[in-house]
Amino acid sequence: MTRRGYEGVAVTVPVTVPYVRYSTRSAYWFLGQALRRLSDASGLKKEQFDGITISSFSLAPDTAVGATQHLGLSPRWLDHIPNGGASGVMALRRAARAVQAGDADVVACLGADTNQVDSFRQMLGSFSQFARDATYPYGSGGPNALFAFITDHAMRTRGARREDFGRLCVDQRHNALAAGSKLFSKPLTLDEYMAARPIADPIHLFDCVMPCAGAEAFLVMRSERARDLGLPYVELRGAIERHNAFADDPIMTRGGWLVDRDELYAMADAKPADIHFVQTYDDYPVVVMTQFEDLGFCAKGEGPEFIRAHRFTWDGSFPNNTSGGQLSYGQAGAAGGFLGLNEAIRQLTGQAAGRAVPNAKLGLVSGYGMVTYDRCLCTGAVILGAAP
């Protein structure tokens, strides 16, 4: 079945609440700051945001409906999307359909989390009851252990080397410095990457994202509305999502992108070679390599060779995570799933000064989230195009 496209949908006003390593402020504070920045940048009052999506882990036990009261909102369309790194793509997809259907005129998509000194440990303990109960009795638990197994399997079966993952991390640090990262201020060399202390073999320090506090947000509306407001915007050319794909695989070597990517490219009337940059979800480098394969930029199993053949800096042969991604910009909880989307909007609207991909007209953003016992369950991707 061919699904309806996303004609007439504009994505605009990318805002970031600056990341900090730790904060005593609540998730509500970061959501409120994002909302204010959306209002200031768009010229719209918050009352004119008649659709809202919210993604946050540290908001719990509250949900999006509680945030409406706390932030003084009264939307006619509301969605709570607690799906981690896939939340940004899913928020955009749902908001776009709401705008097309007339259920909302302007949707504010918000992702935010705080990071207090002990909050990351607490979040891991309550993230998934299934994973906790299955792994903690054996002295394991948390994503580092899980992705150590996945990374080791990729090294043994697909010929990936630590140096391959290091190339991704080094290039993303280059991009982060150009983007003005507040958490990382020094370049990363391959020698430094290789010498970093082990975390869960074969994962070392620079294979892991840095938890932090911050927020990302953007607006979704019809293209005519964005033009009337004088807002630079991008067009949503295609979007997919998939959950619990390949559940019978004994270990995660592929994701749901592989199921739906042909539909994604067909909706956008594009092919992988037409994409000018990619913003992959990057909680660990092995996941980036898997996305290169599953999104069709190289054949399955050829990820290591693809990495060796390219530079992934904003001015390289295959620009990827041009803001630095989470590995070098930081992971502000659920906001990490919005980071690539905002960077893509900036790239395609001339707002990426100092790191602009030359002549970029088409970008792909992928999402990946919700680590449970042995894999992530949520995948998604969108293709965004520069407005004519």
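To keep things clear, this report deals only with the structure shown in the data block.

The secondary structure content of the protein chain amounts to 14 helices and eleven strands. Projected onto its principal axes, the C-alpha positions of the protein chain cover 55 × 45 × 45 Å. Scored against the burial criterion, the 388 residues of the protein chain give a buried share of 59%. Sequence-distant contacts in the protein chain: of pairs separated by 6 or more residues, those separated by 24 or more amount to 77%. Each charge class in the protein chain was averaged separately, 38 positive and 40 negative side chains, and the resulting centres sit 4 Å apart.

Take the sheet that holds strand S2 (residues 51–55) next. Pairing is mixed across the open sheet formed by nine strands, whose spatial order is S3-S2-S4-S7-S1-S8-S11-S10-S9. Because the sheet does not close on itself, it has two edges, and the strands there are strand S3 (77–80) and strand S9 (277–279). The average undirected angle you get between the axes of adjacent strands in this sheet is 20°. The pairing of strand S8 (residues 233–243) with strand S11 (residues 376–386) spans nine bridges and is classified as antiparallel. Considered in S11, the bridge of alanine 239 is made with valine 382.

The next point concerns the pairing of S2. Burial of S2 is extensive: five of the five residues sit out of reach of the surface. Side chains Gly51, Thr53 and Ser55 project from S2 onto one buried face, and the interleaved Ile52 and Ile54 project onto a second face that is buried too. For the segment spanning S2, helix H2 (residues 64–71) and S3, crossover handedness is right-handed. Note that S2 and strand S4 (residues 106–113) share five bridges and pair parallel. Considered in S4, the bridge of serine 55 is made with glycine 111.

We now examine helix H7 (residues 162–178). Over its 17 residues, H7 extends 25 Å from the first C-alpha to the last, a length consistent with the 24 Å expected when each residue adds 1.5 Å. The buried fraction of H7 is high, at twelve of 17 residues. Buried within H7 are the following residues: Arg162, Asp164, Phe165, Gly166, Leu168, Cys169, Val170, Asp171, Gln172, Arg173, Asn175 and Ala176. Trailing H7 by a residue or two, glycine 180 shows a phi angle of about 80°, which is positive.

What counts and what doesn't
- Residues numbered from 1 in each chain as written.
- Predicted model: local features only at pLDDT ≥ 70, side-chain atom pairs only at ≥ 80, totals over all residues.
- Heavy atoms only, no water.
- Helix = DSSP H or I, 4+ residues; strand = E, 2+ residues; numbered from the N terminus.
- Buried < 20%, exposed > 50% of the residue type's maximum accessible area, 1.4 Å probe, protein only.
- Contact = heavy atoms within 4.5 Å.
- Lys, Arg positive; Asp, Glu negative; His and termini not counted.
- Charge placed at Lys NZ, Arg CZ, Asp CG, Glu CD.
- Pairing = 2+ DSSP bridges.
- Axes fitted to C-alpha atoms, helices over the stretch in contact; angles between N-to-C directions.
- Right-handed = clockwise from strand over helix to strand, strands pointing away.
- Expected span 1.5 Å × (residues − 1).

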